[in-house]
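So you can see what is in the structure, the chains are spelled out below.
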Amino acid sequence: MVTLGLSMEWHWLLIGLFFPLFPLSIGFNALLNAAKAPWLKVILLLIWPQIGIALIIQHQATIPEWLQYWGLLSSGLYAFRMLAMREVNIWIGYLATSSWALLWILAFDQLSEHQLQIFAFGFSLPLAIMALISGEIAKRYGAAYTGLYGGLAIANPRLTGVLVVSVFAAIATPIFPTFFAMLHTLVLSQPLPSIWLVMIWGTWSWCAARLLQGLIVGPANLPYPRDLSVGMTWAMSLLLGALAILGLIYTGNLS
Amino acid sequence: MEQLVLLLPVIPIISALMTQLLSSSMGRRVSRISVIGGTLTFALASTLLLMVLMDYPVAHYSFGETWGSLYFDPLAVLMSTVIAAISLLVRIYSVRYMAEEYGYGRFFVLLDVMSASLILMVAAADMITLLVAWHLIGVFLYFLLGHETRSFSAFRYGFWTFITYRFGDLPLVLAAAVLFHTFDSWSLPEIFAAIEANPDVTTFFGFRVVEVVGSLIAVSAFARSAQFLVHTWLPYTMEGPTPVSALMHAGIVNAGGILLNRFAPLYLQTDSVLHWVFLVGLITAVIGSILMLAQSDIKKALGYSTMGQMGFMIMECGVGAFSLAIFHLIAHGLFKGTLFLSAGSVINQARKHDGIPKDELYQFIVERRPTRKNFPWLAMAILTIIVPAFVLFSSHFAVTPDLFEKQGAIILLFFGWVTGAQVLFSTYQMETHHPWRLLLLVMTTFVVVVLGYTYISHAFDVFLFPDTAFAHQLYVAAGTDTLLFNLAAISIALLIVATWLRTYWKDSHFVHDVVTRHWARNFYAIVSREFHVSDVYKHLSQWTINLSARTNIWLRWG
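Residues numbered from 1 in each chain as written. Chains lettered and ligands numbered in written order. Predicted model: local features only at pLDDT ≥ 70, side-chain atom pairs only at ≥ 80, totals over all residues.

(A) Layout of the overall build of chain B. Per the secondary structure count, chain B includes 22 helices and two strands. Its C-alpha atoms give chain B a radius of gyration of 25 Å, within 12% of the compact-globule value 24 Å for 558 residues. Counting only C-alpha atoms and orienting by the principal axes, one finds that chain B spans roughly 70 × 60 × 60 Å. Counting the 558 residues in chain B, one finds 47% classified as buried. Considering only contacts within chain B whose residues lie at least 6 apart along the sequence, 78% involve residues at least 24 apart. (Helix = DSSP H or I, 4+ residues; strand = E, 2+ residues; numbered from the N terminus. Rg over C-alpha atoms; globule rule 2.2 N^0.38 Å. Buried ≥ 20, exposed ≤ 12 C-beta atoms within 10 Å, placed from the backbone. Contact = placed C-beta atoms within 7 Å.)

Have a look at this one:
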């Protein structure tokens with residue numbers, strides 16, 4: 001067992017930064033907010049949980065059961081907090097925290113490194129695309145803020161299309177890998193935690209619908225800002241399409 | 001050949017992809033792709049239905065190892081045919097109806113993926129496929145209802161639907177997890193075989209699996225089929241395009257009945273689940289009908305009418321008449337779909353001329369004017385009670401001689417009797433120059449309807465559940481203590497008869513009941529606020545959002 005010179009508890013807490021447990025999660029959210037450039041946010045969203053997985057693999061110890069419950073509570077807290085969140089970038093950070101905290105359940109049941117990496121990537125990629133889109137919205141409207149201007153569907157249909165699909169991919173909609181990750185987590189959970197888990201899942205949908213309605217619905221003011229370029233739309237659509245195909249092929253050994 | 005069932009959801013998906021890719025180059029002509037896809041799906045579904053009618057054996061086929069399997073059985077192909085037919089009609093209707101709308105291509109893409117999801121749902125032979133389809137239907141419906149993205153109200157009501165559906169999905173997800181925990185399989189045929197082999201197997205906290213899973217599935221079915229307390233989304237979703245309303249009321253909302261039918265082998269083994277399924281259906285049927293009568297907006301009235309019908313459909317499952325629920329949902333889907341699709345032209349004609357003759361019937365129904373009585377009240381009272389009972393029981397007895405052994409059948413006949421008697425009672429109140437001719441016409445119509453309903457529902461029973469012992473066992477599972485049942489049935493029947501007799505007597509003797517009128521006014525006030533259910537939900541959700549905001553402030557948004 002490699003412990004980086006830390007005691008067992010400190011090691012778990014270190015991993016708790018990357019599979020964010022409240023209040024350690026505040027660190028990740030502050031970092032994500034501090035990263036102003038969208039590409040920096042993308043890197044952070046893609047890399048962060050993978051560091052956690054690497055640390056768990058390195059640690060090679062059985063995860064204490066209480067960490068699962070801490071993960072579930074953190075996930076529930078951030079899902080609940082997303083309800084009132086209107087700033088898109090902070091919303092992305094909350095959803096990342098809420099979803100990655102659930103990886104503790106999968107890790108506890110000793111899913112292979114490969115499976116954990118794919119599930120974490122499945123959660124991260126749509127969020128990363130959302131972060132890019134959020135940057136594009138901020139460029140055009142001054143801020144990516146729901147309930148402020150609306151009418152994106154009329155003014156920027158391509159941007160809206162990518163945003164909608166990436167939001168639904170992030171909240172574990174079939175046939176994206178996040179859906180199978182949630183199903184897998186549910187199967188591994190005990191009865192009471194599983195009820196908590198499905199409530200978190202339902203709350204994500206509620207938050208997503210609130211977010212989208214504040215951005216895409218309503219009449220748009222003229223002149224319309226330019227839409228997402230065709231090339232960028234294709235690139236993001238292909239990424240999301242590939243993610244959906246990955247979900248269809250790779251169900252995380254649910255049999 | 002039976003493996004062609006796998007193609008059923010694939011055709012609309014291909015059609016959706018092609019529509020999306022070609023919509024910019026083809027313009028409005030892109031709808032042809034969707035119509036051709038719909039026609040092919042319908043042709044394939046009809047062929048498969050024909051094969052089932054020709055006694056091809058029941059089977060299931062799969063795209064993958066873990067999930068993606070579809071049934072080739074009577075329920076799957078019958079419902080696929082109905083869905084393919086309705087969605088084809090909706091597509092054809094939408095070609096011109098949506099021609100001037102923004103997002104024309106997107107609309108057809110959504111219609112295609114919706115029909116693929118619906119077919120996947122009715123034919124799913126494993127829990128994962130069922131969950132995928134069940135979940136996607138809610139998502140696609142949300143975007144179909146909010147197709148007009150400029151309309152805040154369309155999205156607001158679409159949001160109600162989406163949230164009800166999503167939270168309604170969750171019990172089904174839990175049911176899937178419990179089934180997998182217990183039987184280590186996602187496959188429905190395997191799960192049903194395991195339940196049949198060991199119906200008393202228990203799960204967490206020592207509960208019987210069939211009771212837990214049966215209850216969870218029923219709750220999901222309630223949310224999907226707008227049962228009381230999870231019904232508020234249905235009457236308010238009229239802001240979406242009319243073809244979507246037609247598809248929703250004719251197909252999507254029926255999913256609850258289909259789900260319960262799919263799990264009939266599980267409900268066969270339950271003790272009490274079907275009793276409260278019946279109760280929820282009954283309450284919904286009554287409340288939906290009351291709310292429908294109180295509406296001044298015809299579209300909302302149609303919405304509540306659907307709610308009442310869905311209540312009746314769930315109630316039919318609750319009494320063990322599973323196949324009857326399928327017949328009911330198909331019949332309801334066809335007539336409600338027709339109503340919605342013809343609504344536009346009716347409104348258009350009505351703007352020029354309402355076309356309603358201001359005759360005696362109009363005065364009776366619309367103006368609610370009291371009319372002169374032409375029938376002796378005692379003769380009508382006797383006719384009202386005896387004729388429908390005789391027609392109903394004799395026709396059903398001719399088809400199923402063991403009728404009186406099925407409590408569920410008796411309950412449904414009871415409802416038929418009340419409905420028939422109410423028709424005759426209304427006839428009694430009408431003014432006409434030829435009272436006996438009118439009465440004869442009403443009775444003949446009633447007999448024809450009852451005979452049609454009896455024989456068609458019997459045919460459905462034989463088609464969907466060819467194993468008569470299985471069908472009988474469903475009634476047994478829904479049954480209760482005989483003495484208690486008989487006492488309840490006789491008491492309710494006597495109460496209804498006494499109320500009718502009192503009403504006949506009061507109408508004949510011009511008695512005005514001040515106390516009843518006072519209660520009726522108060523009751524109407526509550527009904528006009530739709531029992532305050534939406535108000536409660538609105539306040540609860542606002543309270544939750546406020547609490548979330550306060551938590552964020554307290555935690556400094558970190």
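That shown, we press on.
(B) View of the overall build of chain A. Looking only at helices and strands, chain A features 12 helices and zero strands. Mapped from its N terminus to its C terminus, chain A presents α and β elements in the order α-α-α-α-α-α-α-α-α-α-α-α. Taking 2.2 N^0.38 as the reference for a compact globule, 255 residues should give roughly 18 Å; the C-alpha atoms of chain A span a radius of gyration of 18 Å, in line with that estimate. In terms of overall dimensions, chain A has a C-alpha envelope of 60 × 40 × 35 Å along the principal axes.

(C) Highlighting the interface of chain A and chain B. At the junction of the two partners, chain A supplies 34 residues and chain B supplies 31 residues. Mapped by element, the contributors of at least two residues to the side of chain A that touches chain B are α2 (25–34), α4 (65–82), α8 (152–155), α10 (177–188) and α11 (191–216) of chain A. Top element by residues in the side of chain A that touches chain B is α11(A). It accounts for 11 residues. Among the residues forming the side of chain A that touches chain B, the class breakdown is 24 nonpolar, nine polar and one charged. (Nonpolar A, V, L, I, M, F, W, Y, C, P; charged D, E, K, R; others polar.)

(D) Structural context of α11(A). Here α11(A) is 26 residues long and its end C-alpha atoms lie 38 Å apart, about the 38 Å a rise of 1.5 Å per residue gives. Phi for G218(A), located one or two positions after α11(A), is positive at around 105 degrees. (Expected span 1.5 Å × (residues − 1).)

(E) Structural context of the environment of A285(B). Residue and element names in this part refer to chain B. Turning to its location among the elements, A285 is positioned in helix α12 (residues 273–293). The class of A285 is buried, set by 23 C-beta atoms lying within 10 Å. For A285 and I163, which are 122 residues apart along the polypeptide, the C-alpha to C-alpha distance reads 23 Å. Filtering out sequence-adjacent residues up to four positions away, A285 remains in contact with G308, G311, F312 and M315.

(F) Structural detail: the pairing of strand β2 (residues 69–72) of chain B. Residues and elements named next belong to chain B. A two-sided burial pattern is seen for β2, the buried positions comprising S69 and Y71 on one face and L70 and F72 on the other. Bridging between strand β1 (residues 59–62) and β2 involves four bridges; their strand directions are antiparallel. Residue pairing in the sheet places S62 in a bridge with S69 of β2. Counted along the chain from β1 to the antiparallel partner β2, the turn is six residues long, and its residue G68 has a positive phi close to 90 degrees. (Pairing = 2+ DSSP bridges.)

(G) A look at the confidence of the model for chain A. Confidence in the prediction of chain A, expressed as mean pLDDT, is 91, and 96% of residues score 70 or more. Taking the mean pLDDT of every element in chain A, the minimum, 87, falls on helix α1 (residues 8–18) of chain A and the maximum, 97, on helix α5 (residues 88–100) of chain A. (pLDDT = per-residue confidence, 0-100.)

(H) Representation of the domain arrangement of chain B in the model. All names here are of chain B. When cut into domains, chain B gives domain 1 (1–125), domain 2 (142–355), domain 3 (356–510) and domain 4 (512–558). Taken together, the contacts link 19 residues of domain 2 with 17 residues of domain 3. Of all the elements in the fold, those that place two or more residues in the side of domain 2 that touches domain 3 are α11 (264–267), α12, α13 (298–318) and α14 (322–352). Of the residues forming the side of domain 2 that touches domain 3, the biggest block, five residues, is contributed by α14. Grouping the amino acids of the side of domain 2 that touches domain 3 by side-chain chemistry returns 11 nonpolar, six polar and two charged. (Domains from an automatic or database assignment.)

(I) Inspection of the environment of T480(B) at higher detail. Residue and element names in this part refer to chain B. As for its placement among the helices and strands, T480 is situated in the loop between α19 (468–478) and α20 (482–508). Along the chain, T480 and S272 lie 208 residues apart, while their C-alpha atoms are 8.9 Å from each other. Excluding anything up to four places from it in sequence, T480 contacts H275, Q407 and F485.

(J) The arrangement of unusual backbone geometry in detail. P23(A) follows F22(A) through a cis peptide bond whose omega is 10 degrees. Following the sequence through the fold, P23(A) ends up in the loop between α1 and α2. The backbone of F205(B) sits at a positive phi, close to 60 degrees, despite the residue not being glycine. Positionally, F205(B) belongs in the loop between α7 (188–197) and α8 (209–224). Look at F205(B) and you get exposed, because 8 C-beta atoms sit within 10 Å. A positive phi angle, near 55 degrees, is found at A226(B), a position not held by glycine.

(K) Inspection of the environment of F531(B) at higher detail. Examined against the element boundaries, F531(B) turns out to sit in the loop between α21 (514–528) and α22 (533–554). Here the alpha-carbon distance between F531(B) and N552(B), two residues 21 residues apart in the chain, equals 34 Å.

(L) Representation of the packing of α1(A) against helix α3 (residues 38–59) of chain A. Residue and element names in this part refer to chain A. As a packed pair, α1 and α3 sit with axes 7 Å apart at the nearest point and diverge in direction by 155 degrees. Classified by the angle between their axes, α1 and α3 sit roughly antiparallel to one another. Judged by the twist between their axes, the crossing of α1 over α3 is left-handed. Residues H11, L14, I15 and F18 of α1 form the contact with α3, whose participating residues are W48, P49, I51, G52, L55, I56 and H59. A breakdown of the residues in the contact of α1 with α3 according to their chemical character gives eight nonpolar, three polar and no charged. (Axes fitted to C-alpha atoms, helices over the stretch in contact; angles between N-to-C directions. Parallel < 35°, antiparallel > 145°, perpendicular 65-115°, else oblique. Left-handed = near helix turned anticlockwise from the far one by under 90°.)

(M) Just α14(B), in detail. With 31 residues, α14(B) ought to run about 45 Å at 1.5 Å a step, and its terminal C-alpha atoms sit 45 Å apart, in line with that. At A343(B), α14(B) shows its largest kink, close to 45 degrees. (Bend = angle between axes of the 7 residues up to and from the residue.)

(N) Looking closely at the packing of helix α5 (residues 127–145) of chain B against helix α6 (residues 152–183) of chain B. All names here are of chain B. Between α5 and α6, the shortest axis-to-axis distance is 8 Å and the interhelical angle comes to 175 degrees. When the axis of α5 is compared with that of α6, the two are roughly antiparallel. On the side of α5, the interface is formed by M127, L131, W134, H135, G138, L141, Y142 and L145, while α6 contributes A154, Y157, G158, T161, F162, Y165, R166, D169, L172, V173, A176 and L179. For the contact of α5 with α6, the class distribution of residues is 14 nonpolar, four polar and two charged.

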